[in-house]
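# Remarks on the overall topology
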Amino acid sequence: MGARISGPAGQDGATVEQNADINVTPFVDIMLVLLIIFMVAAPIATVSLKLDLPPPVMNEQPPRDPVYVSVQEDGTLFLAEKQTSMERLAADVCAATGRGDACREERIFIRAQPEVRYDQFMAVMNGLKSSGFDQVGLLNEDID
């Protein structure tokens, strides 16, 4: 689209094209200045702390295998692959941990088949709790 303008040098009625493009040069200049400011300010903003961490302590004992108590559908109990009973459960767990009197500090995992009744499962948990085993974990295994 042309605009009609009249000029001083006798150019009356001459058509001049208008430029609708945005001049991005000032924008680029401002962005470069901001980039430089942030590049200079970023190292100043980092804070360094002096940490005095203790050296790592190597554990002399290798990690033990966890103890699993399995409750079957018919109520029978297994400690790993060995069958046990409610009366012998605490003694068998202590024998399986191999820690003697400190066996009650070990974590015991209980897993049960999906068909096990709630009262059977809770009897095992309560039996371990009354025997002094406070660290009891429950396992849930996905069955596909």
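This text follows the structure it describes.
Cut-offs and rules
Residues numbered from 1 in each chain as written. Predicted model: local features only at pLDDT ≥ 70, side-chain atom pairs only at ≥ 80, totals over all residues. Heavy atoms only, no water. Helix = DSSP H or I, 4+ residues; strand = E, 2+ residues; numbered from the N terminus. Phe/Tyr/Trp six-rings, centres within 6.5 Å; stacked < 30°, edge-to-face > 60°. Lys NZ or Arg CZ within 6 Å of the ring centre and 35° of its normal. Buried < 20%, exposed > 50% of the residue type's maximum accessible area, 1.4 Å probe, protein only.

Moving on, we come to the environment of glutamate 87. Inspection of the secondary structure puts glutamate 87 in the loop between β5 (82–84) and α2 (89–97). Residues glutamate 87 and glycine 127, spaced 40 residues apart in sequence, show a C-alpha to C-alpha distance of 8.8 Å.

This structure, assessed with the given rule, holds one aromatic pair. One residue, arginine 111, lies across the ring of tyrosine 68, its end atom 4.5 Å from the ring centre.

Located in the positive-phi region is alanine 80, a residue other than glycine, with phi close to 60 degrees. As for its placement among the helices and strands, alanine 80 is situated in the loop between β4 (77–79) and β5. Exposure remark for alanine 80: the relative accessible area of 51% places this residue in the exposed category.

These figures capture arrangement, not role.
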